[in-house]
Amino acid sequence: RILFQLGRLYGYAGDSAKTLAARRAAAAAGNPNAIFLLAYLDLELAREPAGRCSAAARMRLAADRGNYSARVSYASYWLEGRFEACADRASHADVTAYVADAAPLADGFFETRLVRHLADRLAAVSGAQARERLIEQMAGTWTGLFRRYDASGALTDTVPSEVRI
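Side note on the environment of Pro32
- Mapped onto the fold, Pro32 is located in helix 3 (residues 32–45).
- With 34 residues separating them in the primary sequence, Pro32 and Gly66 have C-alpha atoms 7.3 Å apart.
- In contact with Pro32, not counting residues within four places along its chain, are Ala62, Arg65 and Asn67.

Focus on the state of the cysteines
- Inspection of every chain in the model, using the stated rule, returns 1 disulfide.
- Covalent S-S linkage joins Cys53 and Cys86, the inter-sulfur distance amounting to 2.2 Å. Between Cys53 and Cys86 the sulfur-sulfur dihedral comes to about -95°; the bridge is accordingly left-handed. Of this pair, Cys53 sits in helix 4 (residues 49–64) while Cys86 sits in the loop between helix 5 (68–80) and helix 6 (92–102), and the two are 33 residues apart along the sequence.

Some thoughts on the pattern of salt bridges
- According to the stated counting rule, one finds 5 salt bridges in the structure shown.
- In this structure, Arg58 engages Asp42 in a salt bridge whose closest nitrogen and oxygen atoms are separated by 2.9 Å. Placement of the pair is Arg58 in helix 4 and Asp42 in helix 3, with a sequence separation of 16 residues.
- Residue classification places Arg58 among the partly exposed positions, given a relative accessible area of 27%.

Details of the nonpolar core
- By size, the foremost hydrophobic cluster in this structure holds 36 residues, and its most contacted members are Met59, Tyr74, Trp78, Phe83, Val95 and Val99.
- Secondary-structure elements contributing two or more residues to this core are helix 2 (16–28), helix 3, helix 4, helix 5, helix 6 and helix 7 (109–126).
- Not counting the four nearest positions on each side in its chain, Trp78 is found in contact with Phe83, Arg89, Ala90, Ser91, His92, Val95 and Leu122.

Observations concerning helix 5
- Here helix 5 contains 13 residues, and its C-alpha end-to-end distance of 19 Å stays within 8% of the 18 Å for a straight helix at 1.5 Å per residue.
- All of the buried residues in helix 5 are Ala70, Arg71, Val72, Ser73, Tyr74, Ala75, Tyr77, Trp78 and Leu79.
- Buried-residue contacts for helix 5 involve helix 3, helix 4, helix 6 and helix 7.
- One side-chain oxygen at the N-terminal end of helix 5 lies 3.1 Å from the backbone nitrogen of Ser69; it belongs to Asn67.
- Immediately downstream of helix 5, the backbone of Gly81 shows phi near 85°, a positive value.

Section: the packing of helix 5 against helix 7
- Where helix 5 meets helix 7, the axes come as close as 10 Å, and the angle between the chain directions of the two elements is 45°. As far as their axial angle goes, helix 7 and helix 5 are oblique. Once helix 5 is placed against helix 7, the crossing between them reads as left-handed. Each of Tyr68, Val72, Ala75, Ser76, Trp78 and Leu79 in helix 5 lies in contact with helix 7, whose residues at this interface are Glu111, Leu114, Val115, Leu118, Arg121, Leu122 and Val125.

Some words on the packing of aromatic side chains
- Enumeration over the complete set of coordinates arrives at 5 aromatic pairs.
- Consider the rings of Tyr77 and Phe83, whose centres lie 6.2 Å apart with planes at 70°: the pair is edge-to-face. Phe83 carries the same exposure label as Tyr77, and that label is buried.
- Taken together, the ring pairs connect Tyr74, Tyr77, Phe83 and Tyr98 into an aromatic cluster.

Conventions adopted
- Residues numbered from 1 in each chain as written.
- Predicted model: local features only at pLDDT ≥ 70, side-chain atom pairs only at ≥ 80, totals over all residues.
- Heavy atoms only, no water.
- Helix = DSSP H or I, 4+ residues; strand = E, 2+ residues; numbered from the N terminus.
- Contact = heavy atoms within 4.5 Å.
- Disulfide = S-S within 2.5 Å.
- Salt bridge = Lys/Arg side-chain N within 4 Å of Asp/Glu carboxyl O.
- Buried < 20%, exposed > 50% of the residue type's maximum accessible area, 1.4 Å probe, protein only.
- Core = buried A, V, L, I, M, F, W, Y, C linked by side-chain atoms within 4.5 Å.
- Expected span 1.5 Å × (residues − 1).
- Polar contact = N/O pair within 3.5 Å; in protein donor to acceptor, adjacent residues only side chain to side chain.
- Axes fitted to C-alpha atoms, helices over the stretch in contact; angles between N-to-C directions.
- Parallel < 35°, antiparallel > 145°, perpendicular 65-115°, else oblique.
- Left-handed = near helix turned anticlockwise from the far one by under 90°.
- Phe/Tyr/Trp six-rings, centres within 6.5 Å; stacked < 30°, edge-to-face > 60°.

Right, here's the structure in full:
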């Protein structure tokens, strides 16, 4: 973990060579944050399928090791079809599990919307059973977000702080 943080420090200082070296060392030591970050950068820069597949494999490793960003990003890219050419791409069940595991960790309105959107898209691919499972696992994640307004726009009341989905 210290190597990943050192990489951040070098990055903030503007030393790209040292930040890359520290993050590569952190990834080699098994840090899922560093593995995800380098895989993400490589995926965005990849021009050929082989480069995308190598990055996808590392992003999947980070997701398997519990990295929230890797789980959400892998699912998004998988749904976009970016990994279609990859022989070892994750199965629909694996990607659905990534989203389900990420759901309770979604923080804030937009992250929660993104995870629900991914869950809905994955459910559309596989049917209603996957969606029901994800909704059950997401129960309780919407807290304190709902307020009611009258026609003039004045706040009338607040829905209870925890809304079960």
